[in-house]
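Chain and residue survey
Residue strings, one per chain:
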Amino acid sequence: MTDARARGGLPSSERWSVVEPILDGALARDARERPAYLDDACGHDALLRDEVERLVAACERLERDGEYLERPAVVRFANLWDEGPDQARFRNAIADRYMIENEIGAGGMAIVYRARERGGSAVGRSVALKVLRATASAGVAARFRREIALASQLSHEHIVPLLDSGDSGDRLWYTMPVVEGESLGARLRREGRLPISDVLSVLGDIARALEYAHARGVVHRDLKPDNVLLAEGRAMIADFGVAKAILAATSPGDGVRTSTGASIGTPAYMSPEQHAGEKSVDHRTDLYALGVIAYEVLTGVLPFTASSRQAVLTAHLVEIPARPSTKRREIPAVLDSLVMRLLAKRADDRPPAAADVIATLVSVDRRD
Amino acid sequence: MTEHQPGLSLEALTELAYRELRTVAHRHLARPGDDANQTLNTTALVHEAYLKLASGSPGMWRDEAHFRAVASVAMRHILVDRARARAAERHGGGLRRVTLDEYAVAADDDPELLLAIDAACTRLAETSPRLARLVELRFFAALSEAEVATELGVTVRTVQRDWVKARALLAAALAP
């Protein structure tokens, strides 16, 4: 164990020559036969047994959630190739409004820069400038701008506001304030699951933002922990309404692909109706995503994991997940059943609105 | 990998493969206005680079499989070089630990993550050269299970089992 730690979690080659055959033997056996097999193979060596058991667990996780490292580097890191004259052209095209300082993030959908506003008043504000990877024709840009204009009217303490948007040098872009903090996704990757009191406050913040935006006819459609920023003790949702704008800007009926082949929405958090490819999803698709997030922050795992995109899709459509309380006993019953209702397959079976979710969360808070 | 042309070390061959692959990759990926189809078909890319190199200097490569084995190392170098350049550009020099944070749009393609995986794979080679080679072929060179099986001379079933083990070890090495 100490040996493994010192070497960044990897056993030495001598150690591996001992561990690997036992691991192979364990993996080849049925879960029920393993304890007896390991009794025999490891004898009294508790450290060895612990090491093998952890590896068996890791292998089993991978067989269930097989996406890990499954996409080859050239595909997954396709953004590494997206550079050159195109980027220089964008810099020039937007130079009268923003000075791009440095890149602060890159993903399948967009590249994010820290940029400074130019012109008018004295010192320009520092903003996060998101540039979509998809190129845009004139018609597409107009549709994108119409949708994003709707989203930019949102003003709420739990929503990261959209400041500005446009199209320059064939690229669609929008800006938002720079929020210092980390995403809920990053916190989950670091801590696994959250304390119940934090769960209640994070879910409450998200639900309040949803209630506000839904009342104004804006649906998020891509709610996930990476889109929830934690700053100054509260949660804020980023990219509200952006998915719809991107959807509007990409040719309809085309499966909505971006340059790197990712579809809009993140499979693990997409509602059954989104998975089924229904054109008109309503606000209850966000409530489903909230259910998935609630499940994850409570238990540290997703309700549905599978080895392929197709299998994840099927699970969202037909599988009933184990109740969160089976994975963490102290979860209050009211919260447990709220999560299960949010995860209902049929939108009609979910709580009708974010306000209902808030009411339930408040009642949990009072009981404690 | 013993029958190289006299005078050409494996390193020199890798360098050749590297240069050709980079040229081919650039042409494939930098087609303007075509970024709807930018997913890279590595098999086609490696094949194209091989044809070019093989016709330019016959006898340098035993066969395409030989080229592919060398190319997998070259592919890894290309990607890591680019990730390093991108990361340096982003931070004005020094590297920084992966945080996968900061407005992650879909941060699983942060170039620093690629660098972390590369470093973990180098450490994995000390634990098990066989599993590290598998990661090189499967993850960095994007060969299919069947292609890897042919390359390593093992069954597809063995490739699948080793792939799970290799990823379990990498996950441990990459854990914070």
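Here, every reference points to the structure presented above.
Residues numbered from 1 in each chain as written. Chains lettered and ligands numbered in written order. Predicted model: local features only at pLDDT ≥ 70, side-chain atom pairs only at ≥ 80, totals over all residues. Heavy atoms only, no water.

1. So, the overall build of chain B
A count of helices and strands for chain B gives seven helices and zero strands. Mapped in sequence order, the helices and strands of chain B form the string α-α-α-α-α-α-α. Expressed as a percentage of its 176 residues, the buried residues of chain B come to 49%. Long-range contacts, defined as pairs at least 24 residues apart, comprise 63% of the intrachain contacts of chain B with a sequence gap of at least 6. Put simply, chain B shows about 7,700 Å² of open surface, and 56% of that area lies on carbon and sulfur atoms. (Helix = DSSP H or I, 4+ residues; strand = E, 2+ residues; numbered from the N terminus. Buried < 20%, exposed > 50% of the residue type's maximum accessible area, 1.4 Å probe, protein only. Contact = heavy atoms within 4.5 Å. Areas by Shrake-Rupley, 256 points an atom, 1.4 Å probe, with all protein chains shown as cover.)

2. Remarks on the overall build of chain A
Of the regular secondary structure elements, chain A holds 15 helices and eight strands. Taking all 368 residues of chain A together, the buried fraction comes to 53%. In chain A, 62% of the contacts between residues at least 6 apart in sequence involve partners at least 24 apart. For chain A, the exposed area adds up to about 16,200 Å²; of that, 50% sits on carbon and sulfur atoms.

3. Notes on the packing of helix H4 (residues 111-127) of chain B against helix H7 (residues 156-174) of chain B
All names here are of chain B. Two numbers describe how H4 lies on H7: the axes approach to 10 Å, and their chain directions differ by 115°. Once H4 is placed against H7, the crossing between them reads as right-handed. Residue-level inspection shows Ala116, Ile117, Ala120, Cys121, Arg123 and Leu124 of H4 in contact with H7, the latter providing Ala166, Leu169, Leu170, Ala173 and Leu174. (Axes fitted to C-alpha atoms, helices over the stretch in contact; angles between N-to-C directions. Left-handed = near helix turned anticlockwise from the far one by under 90°.)

4. Remarks on the pattern of salt bridges
Proximity of charged atoms lets side chains of opposite charge pair with each other. In the structure shown here, the tally under the stated rule is 36 salt bridges over all chains. Notably, a salt bridge pairs A:Arg189 with A:Asp226, separated by 3.1 Å at the nearest N-O pair. Residue A:Arg189 is located in helix H8 (residues 184-191), and its partner A:Asp226 is located in the loop between helix H9 (196-215) and strand E7 (228-231); the two are separated by 37 residues in the primary sequence. Exposure remark for A:Arg189: the relative accessible area of 42% places this residue in the partly exposed category. As a salt-bridge pair, A:Arg323 and A:Asp336 come within 3.0 Å of each other at their nearest N and O atoms. Placement of A:Arg323 in the loop between helix H13 (309-318) and helix H14 (333-342) and of A:Asp336 in helix H14 is noted, with a sequence separation of 13 residues between them. A:Arg323 gets classed as partly exposed once you look at its relative accessible area, which sits at 37%. In this structure, a network of salt bridges that share partners links the residues A:Glu20, A:Asp24, B:Arg130, B:Arg161, B:Asp162 and B:Lys165. (Salt bridge = Lys/Arg side-chain N within 4 Å of Asp/Glu carboxyl O.)

5. Structural notes on the sheet that holds strand E6 (residues 182-183) of chain A
Residues and elements named next belong to chain A. If you walk across this open sheet you meet the three strands as E6-E7-E8, and the pairing is antiparallel. Since the sheet does not close on itself, it has two edges, and those belong to E6 and strand E8 (234-237), each with one partner. Pairing analysis gives four bridges linking E7 to E8, with the strands arranged antiparallel. Looking at the pairing, Leu229 lines up with Met236 of E8. Across the sheet, H9 is in contact with E7 and E8; its angle to E8 comes to roughly 35°. (Pairing = 2+ DSSP bridges.)

6. Considerations on the packing of aromatic side chains
Counted by the stated rule, this structure contains two aromatic pairs over all chains. The interplanar angle of 80° and the centroid separation of 5.6 Å between the aromatic rings of A:Tyr98 and A:Trp173 together place this pair among those described as edge-to-face. Here A:Trp173 lies in strand E5 (residues 171-177) and A:Tyr98 lies in strand E1 (residues 98-106), a separation of 75 residues in the sequence. Like A:Tyr98, the residue A:Trp173 is buried in the burial classification. Taking the centre distance of 5.0 Å and the plane angle of 80° together, the rings of B:Phe139 and B:Phe140 count as edge-to-face. The class of B:Phe139 is buried, set by a relative accessible area of 1%. Residue classification places B:Phe140 among the buried residues on the basis of a relative accessible area of 0%. (Phe/Tyr/Trp six-rings, centres within 6.5 Å; stacked < 30°, edge-to-face > 60°.)

7. Considerations on the environment of B:Val73
All names here are of chain B. One can find Val73 in helix H3 (residues 64-91). When the C-alpha positions of Val73 and Phe140 are compared, they lie 8.0 Å apart, and in sequence the two are 67 residues distant. In this view, Val73 contacts Thr14, Arg133 and Glu136; residues no more than four positions away in its chain are not counted.

8. Here's the deal with the pairing of strand E4 (residues 164-168) of chain A
Residue and element names in this part refer to chain A. Across five bridges, E4 lies against E5 in antiparallel orientation. Directly across from Gly166, in E5, lies its bridge partner Trp173. In textbook terms, the turn of a hairpin is the stretch between consecutive antiparallel strands, and for E4 and E5 this stretch comprises two residues, one of which, Gly169, has a positive phi near 50°.

9. Observations regarding helix H2 (residues 13-28) of chain A
Taking 1.5 Å per residue, 16 residues should reach 22 Å; H2(A) reaches 22 Å between its end C-alpha atoms and fits that length. Of all the bends in H2(A), the greatest, near 30°, is centred on A:Val19, and the proline A:Pro21 appears no more than four residues after it. Among all positions in H2(A), only A:Trp16, A:Val19, A:Glu20, A:Ile22, A:Leu23, A:Gly25 and A:Ala26 are buried. For H2(A), the elements touching its buried residues are helix H3 (34-42) and helix H4 (46-64) of chain A together with H4, helix H5 (129-140) and H7 of chain B. (Expected span 1.5 Å × (residues − 1). Bend = angle between axes of the 7 residues up to and from the residue.)

10. A few points about the packing of H4(B) against H5(B)
For any two helices packed against each other, the geometry is given by the interaxial angle and the distance between the axes. Residues and elements named next belong to chain B. At their nearest, the axes of H4 and H5 sit 6 Å apart, and the two run at 150° to each other. Between H4 and H5, the crossing angle belongs to the class labelled roughly antiparallel. Where H4 approaches H5, its residues Leu114, Ile117, Asp118, Cys121, Leu124, Ala125 and Thr127 are matched on the opposing element by Pro129, Leu131, Ala132, Val135, Phe139 and Phe140. Looking at the contact of H4 with H5 residue by residue, the class counts come to 11 nonpolar, one polar and one charged. (Parallel < 35°, antiparallel > 145°, perpendicular 65-115°, else oblique. Nonpolar A, V, L, I, M, F, W, Y, C, P; charged D, E, K, R; others polar.)

11. Topic: unusual backbone geometry
All names here are of chain A. Phi at Arg221 is positive, roughly 75°, even though this residue is not glycine. Along the chain, Arg221 falls in the loop between H9 and E7. Even without being glycine, Glu232 reaches a positive phi, approximately 50°. Judged by its relative accessible area of 73%, Glu232 falls in the exposed class.

12. Looking at the nonpolar core
Core analysis: the biggest nonpolar cluster contains 71 residues, and B:Leu21, B:Trp61, B:Phe67, B:Leu114, B:Val135, B:Phe139 and B:Phe140 have the highest contact counts within it. With 10 residues, the single largest contributor to this core is H3(B). When sequence neighbours within four positions are dropped, the list of residues in contact with B:Phe67 reads B:Ala17, B:Val46, B:Ala49, B:Tyr50, B:Leu53 and B:Trp61. One finds A:Leu188, A:Ile196, A:Leu298 and A:Leu343 within the second-largest nonpolar core, a separate group that totals 48 residues. (Core = buried A, V, L, I, M, F, W, Y, C linked by side-chain atoms within 4.5 Å.)

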